[in-house]
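Coordinate analysis (summary)
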Amino acid sequence: MTTYEIRDDPDDLPIICATLAEAELRGSRRAARLGIEVLIYEMHPTRGERLISAI
């Protein structure tokens with residue numbers, strides 16, 4: 001099952017999201033609130049992690 005994570009930095013602890021839409025919403029809110037770039041990663045059990053976007 002694919003999940004998504006948002007992070008402030010590649011080495012930070014992730015905030016796990018069930019869908020890409022949830023990750024985008026939470027990521028954009030976090031970026032606006034903190035004034036920093038937020039990274040969205042796709043987490044797949046066999047393919048590993050992949051950077052989707054930076055907000």
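Here's a quick rundown of the structure. (Residues numbered from 1 in each chain as written. Predicted model: local features only at pLDDT ≥ 70, side-chain atom pairs only at ≥ 80, totals over all residues. Heavy atoms only, no water.)

As a further point, take helix α1 (residues 20-34). With 15 residues, α1 should cover 21 Å at 1.5 Å per step; its first-to-last C-alpha distance of 21 Å lies within 8% of that length. Within the span of α1, buried status applies to Ala23, Gly27 and Ala31. Along α1, the residues classed as buried sweep out an arc of 55° about the axis, all on the same side. Away from the buried face of α1 by more than 90 degrees, exposed residues Ala21, Arg29, Ala32 and Arg33 are located. Looking at the buried positions of α1, the neighbouring elements they touch are β1 (3-7), β2 (15-17) and β3 (39-44). One or two residues past the end of α1 sits Gly35, with phi positive at roughly 70°. (Helix = DSSP H or I, 4+ residues; strand = E, 2+ residues; numbered from the N terminus. Expected span 1.5 Å × (residues − 1). Buried < 20%, exposed > 50% of the residue type's maximum accessible area, 1.4 Å probe, protein only. Arc of directions from axis to C-beta. Contact = heavy atoms within 4.5 Å.)

Taken as a class, soluble globular proteins show a tendency for nonpolar side chains to be buried jointly. Residues Tyr4, Ile6, Cys17, Ala23, Ala31, Val38 and Ile40 constitute the largest nonpolar core, which totals seven residues. Broken down by secondary-structure element, the contributors of at least two residues to this core are β1 and α1. In this view, Cys17 contacts Thr3, Tyr4, Glu22, Ala23 and Arg26; residues no more than four positions away in its chain are not counted. (Core = buried A, V, L, I, M, F, W, Y, C linked by side-chain atoms within 4.5 Å.)

Let us now look at the environment of Ala54. Among the secondary structure elements, Ala54 is positioned in strand β4 (residues 48-54). Here Ala54 falls in the partly exposed class, since its relative accessible area comes to 43%. Excluding anything up to four places from it in sequence, Ala54 contacts Glu37, Val38 and Leu39.

The next point concerns the pairing of β3. Most of β3 is tucked away: five of the six residues are buried. Sheet topology places β1 next to β3; five bridges connect them, and they run antiparallel. Each residue of the ladder has a partner; that of Tyr4, found in β3, is Glu42. Judged from the six bridges that link them, β3 and β4 form a sheet pairing that is antiparallel. Paired with Leu39 across the two strands is Ala54, which belongs to β4. (Pairing = 2+ DSSP bridges.)

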